[in-house]
Amino acid sequence: GGDPVPPPEDEEEGDFRVPETSGKYVYSASEATDRVAAINTDSLAIDVVDVGGGPTEVRAIPGQPVDAGAVAVLDVITEDIALVRTTAQSVTTVELREVTPSANDLRVSDDGAWVLAFHDIDKGALSGPGSDQEVTLIAPDSATESTFLTVGLHPRDVAFSPDSTKIFVTTDDGVN
């Protein structure tokens, strides 16, 4: 007798998406495992956190300190946005906010004051109950809950004014 060969490890396969940077961190979501990896670019330490179900879109939230980071992650199965924040001490927290059903895209204002979720018809038809006229507005640094707004049919693009006081949504009906 030699030593028996141990069975292969049973590891979850992640399908990590295109990474997004914020501060000194790089974030990537795995839709298969419902997790987001926060990678410290100085130490290369990785913190993996649970978010809602089906994380797909990841967008950096501007305005973070250079030694910290924050992203908004759209969770398409649980219909929420995970606000993932990592401190300078590499502590990562997750806060969930509700979004309109069938949202499949995110936009963040240049100053990080607003996150807008919507269903972009160009990315696919509605996959269940939901609205292709409704958008969800979130202020990441506020305790205020999600705000649901109705715009024109089939939102396709979103732009924020330079001072983030106005949001322009391009739809089939024009600009709202």
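This text goes with the structure placed above it.
A quick note: this is a predicted structure, and the numbers were derived from the prediction, not measured. Residues take numbers from 1 onward in each chain, read along the sequence in its written order. Per-residue local features of the predicted model are confined to residues with pLDDT of at least 70, and side-chain atom pairs are confined, for both listing and counting, to 80 or more; whole-chain, interface and lining totals are unaffected and use all residues. The side-chain numbers reported here are obtained from all heavy atoms of the structure, hydrogens and water having been left aside.

Time to look at the pattern of salt bridges. Here, a salt bridge means any Lys or Arg side-chain nitrogen found within 4 Å of an Asp or Glu carboxyl oxygen. Under the defined criterion, the tally for this structure stands at 13 salt bridges. Taking the shortest distance from any N to any O, the salt bridge between arginine 35 and aspartate 50 comes out at 3.0 Å. On the criterion of sequence distance, the pair formed by arginine 35 in strand E3 (residues 35–40) and aspartate 50 in strand E4 (residues 46–50) is long-range, its members being 15 residues apart. Remark: exposure states derive from per-residue accessible area (1.4 Å probe, protein chains only) relative to the maximum for the residue type, with buried under 20%, exposed over 50%, and partly exposed in between. Looking at arginine 35, the relative accessible area reads 30%, which means it is partly exposed. Its relative accessible area of 52% is what places aspartate 50 among the exposed residues. Among the salt bridges present, the one from glutamate 57 reaches lysine 123, with a minimum N-O distance of 2.9 Å. With glutamate 57 in strand E5 (residues 55–60) and lysine 123 in the loop between strand E10 (115–118) and strand E11 (134–138), the pair connects residues that are 66 residues apart, well separated along the chain. Judged by relative accessible area, lysine 123 falls into the partly exposed class, the value being 42%. Numbering of helices and strands runs from the N terminus, with a helix taken as a DSSP run of H or I at least four residues long and a strand as a DSSP run of E at least two residues long.

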